[in-house]
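Now for the letters of each chain:
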Amino acid sequence: MLVDPTNHGVIEEDVFEVIAPSIPGYGFSEMPHKKGFDQIAAAQVFLKLMERLGFEKYYVQGGDWGAIITRIMAILNPSVIKGLHVNMPSDETDSLGYWLRVAVGSVFPSLVGVKPEEYDRVYPFGSKFLDLLQETGYMHIQATKPDTVGFALTDSPVGLAAYILEKFSIWTNPANRDLADGGLEKYYTKDELLTSVMIYWLTGTVTSSMRFYKECFAGRAMETLSMTVTVPTGMATFPHELGHVPEAWCRSSHPNLIHYTLMPDGGHFAAFEKPALLAEDIRTFVKKVEDLNRSKD
């Protein structure tokens, strides 16, 4: 949809050249050979990759780990990043300011910048937080004992499929938790789902992908969440994402936030589930940045 816009009802001027590398240790990228390879290291690798490919300036986009990695890229070398677009905004949740905003916003949302259309995505915070705890047990395991579960899944294709497909079910829409079949084929085909599983199975990268979580929390990657991003930034938030960060809260660390979209539908796997919505939002954001740049010339 980005590289061939005319076949998707979009004008030719909106064509993109897309570079979509997998994180080292995931899929077809080589596994890291030593400890310490975290999101900061991945950002450095991708910056070097783009330099070697000959790109002097470019846009970056990501969700999940990609949202953190591309954000770090914009922090490390803002001169080459024309704009940052993420579909999983993050916030520094271990600060006193965050919890004060949460508490005040539950009673006086407008005082902390929570818009009426955002309120139900953040509150009631207690139930949202319990849902998050229920869905992040995997993170605790992978961040503390990645090899324990990783080697087990490397030995069992059925176990690997169950582990991965459960995430596709509930993270696409938490209502799928109550469905006997997990609602998987409401959004994806069996071929698409099994392709995702087989990439991990054939490359044997499920364990190295889990180690990425351990390296994240053992290193300094999470400290970057409190750092300021100065490049033009766009955000798309989907209603069934694991958590929601209101636009006003994002501005404290993204003073150049020029685009923020509350999506009408979709979950964690936005590029997979809702590619048309995400692609259109990326185009809209890039147009805003290009228009701003032209107005300065």
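The following refers to the structure shown. (Residues numbered from 1 in each chain as written. Predicted model: local features only at pLDDT ≥ 70, side-chain atom pairs only at ≥ 80, totals over all residues. Heavy atoms only, no water.)

Overview of the sheet that holds strand 2 (residues 81-86)
Inference 1: Taken together, the 4 strands give an open sheet; going across it, the order is 1-2-3-4, and neighbouring strands pair in parallel fashion. Only two strands of the sheet have a single partner each, and these edge strands are strand 1 (58-62) and strand 4 (257-262). Taking the axes of each pair of neighbouring strands and ignoring which way they run, one obtains an average angle of 15° across the sheet.
Inference 2: In this fold helix 13 (residues 275-296) packs onto strand 1, strand 2, strand 3 (233-237) and strand 4, with an angle of close to 160° to the strand it touches most, strand 4. (Pairing = 2+ DSSP bridges. Helix = DSSP H or I, 4+ residues; strand = E, 2+ residues; numbered from the N terminus. Axes fitted to C-alpha atoms, helices over the stretch in contact; angles between N-to-C directions. Contact = heavy atoms within 4.5 Å.)

What about a nonpolar patch on the surface?
Inference 1: On the surface, a nonpolar cluster with roughly 460 Å² of combined accessible area is contributed by Trp-99, Phe-129, Leu-130, Leu-132 and Leu-133.
Inference 2: For the nonpolar patch, the element with the highest residue contribution is helix 5 (residues 125-135), accounting for 4 residues.
Inference 3: Looking at where Phe-129 falls in the secondary structure, it is placed in helix 5. (Patch = residues over 30% accessible without salt bridge, like charges linked within 9 Å, V, L, I, M, F, W, Y side chains within 5 Å. Areas by Shrake-Rupley, 256 points an atom, 1.4 Å probe, with all protein chains shown as cover. Salt bridge = Lys/Arg side-chain N within 4 Å of Asp/Glu carboxyl O.)

Considering the pattern of salt bridges
Inference 1: Taken as a whole and judged by the stated rule, the model has 13 salt bridges.
Inference 2: Between Arg-211 and Asp-147 there is a salt bridge, with its nearest N and O atoms 2.8 Å apart. Here Arg-211 is found in helix 10 (residues 206-218), whereas its partner Asp-147 is found in helix 7 (residues 146-154), with 64 residues between them in sequence.
Inference 3: With a closest N to O distance of 2.5 Å, Glu-166 and Lys-167 form a salt bridge.

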